[in-house]
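Here is how the chains run, residue by residue.
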Amino acid sequence: MKKWMQFLILITSVTSASALLASGGMGEDSGKQMPAVANAKWKAECGSCHMLYHPGLLPERSWNKMMAGLDKHFGENASLDTATRDEITRFLALNSADKQDNRRSNRITQSIPASATPLRISETRYFKAKHDEVSSATFKRKSIGSAANCVACHKGAEKGDFSESQIKIPR
């Protein structure tokens, strides 16, 4: 009977630990994930030209600057009507890195000097540190294109999921 009880405890422990790890409860990315966010105009307008960058990847000042310069948005005119621009700006500001309470957004915010207002996520110290082992040649592969194409390697990027266990770098 004693061996049976020990076996039952062992099986229960292994099953519980497996379920906890599978859920991300104590995995390497626990506490890092950004919350799911949604806004129909953000999805329609921003997602019509490029992947949806989670607002938690840049501070509010960066999103404000980006939205104020949509007429020169990375070499394109991405101007919007005032109401749409203002709604998306409010959404981005509300969900920006400096307004989030998760480890990833906190570290991104900490990596940006208070005097800096980056417009590219790939310009942050956080991004550079996380991608220091990725060569510039890798980012230039036809299957990736650039460091800005997060979804090439991070399938959950548009949802704010950059789990290291889910990275798959295409050839």
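Residues numbered from 1 in each chain as written. Predicted model: local features only at pLDDT ≥ 70, side-chain atom pairs only at ≥ 80, totals over all residues. Heavy atoms only, no water.

A. Looking closely at the overall build of the chain. Counting its regular elements, the chain contains 7 helices and 0 strands. Starting at the N terminus and walking to the C terminus, you meet the elements of the chain as α-α-α-α-α-α-α. The 171 residues of the chain split such that 34% are buried. If you take every contact in the chain between residues at least 6 apart in sequence, the share linking residues at least 24 apart comes to 60%. (Helix = DSSP H or I, 4+ residues; strand = E, 2+ residues; numbered from the N terminus. Buried < 20%, exposed > 50% of the residue type's maximum accessible area, 1.4 Å probe, protein only. Contact = heavy atoms within 4.5 Å.)

B. The arrangement of the pattern of salt bridges in detail. For the coordinates displayed, the defined rule picks out 5 salt bridges. Ionic pairing is found between Glu87 and Lys41, a salt bridge with its closest N-O pair at 3.2 Å. With a gap of 46 residues between them, Glu87 in helix 4 (residues 82–94) and Lys41 in helix 2 (residues 40–46) connect regions that are remote in the sequence. Given a relative accessible area of 26%, Glu87 falls into the partly exposed group. Since its relative accessible area comes to 34%, Lys41 is described here as partly exposed. The salt bridge partner of Glu60 is Lys99, with a shortest N-O separation of 2.3 Å. Note that Glu60 is positioned in helix 3 (residues 60–68) and Lys99 in the loop between helix 4 and helix 5 (103–111), a separation of 39 residues in sequence. With a relative accessible area of 24%, Glu60 lands in the partly exposed category. (Salt bridge = Lys/Arg side-chain N within 4 Å of Asp/Glu carboxyl O.)

C. Spatial organisation of the confidence of the model for the chain. Overall, the prediction assigns the chain a mean pLDDT of 87, with 81% of residues at 70 or greater. Across residues 13–30 the pLDDT falls below 50, and counting only partners more than four positions away or on other chains, this stretch makes 14 contacts in the model. (pLDDT = per-residue confidence, 0-100.)

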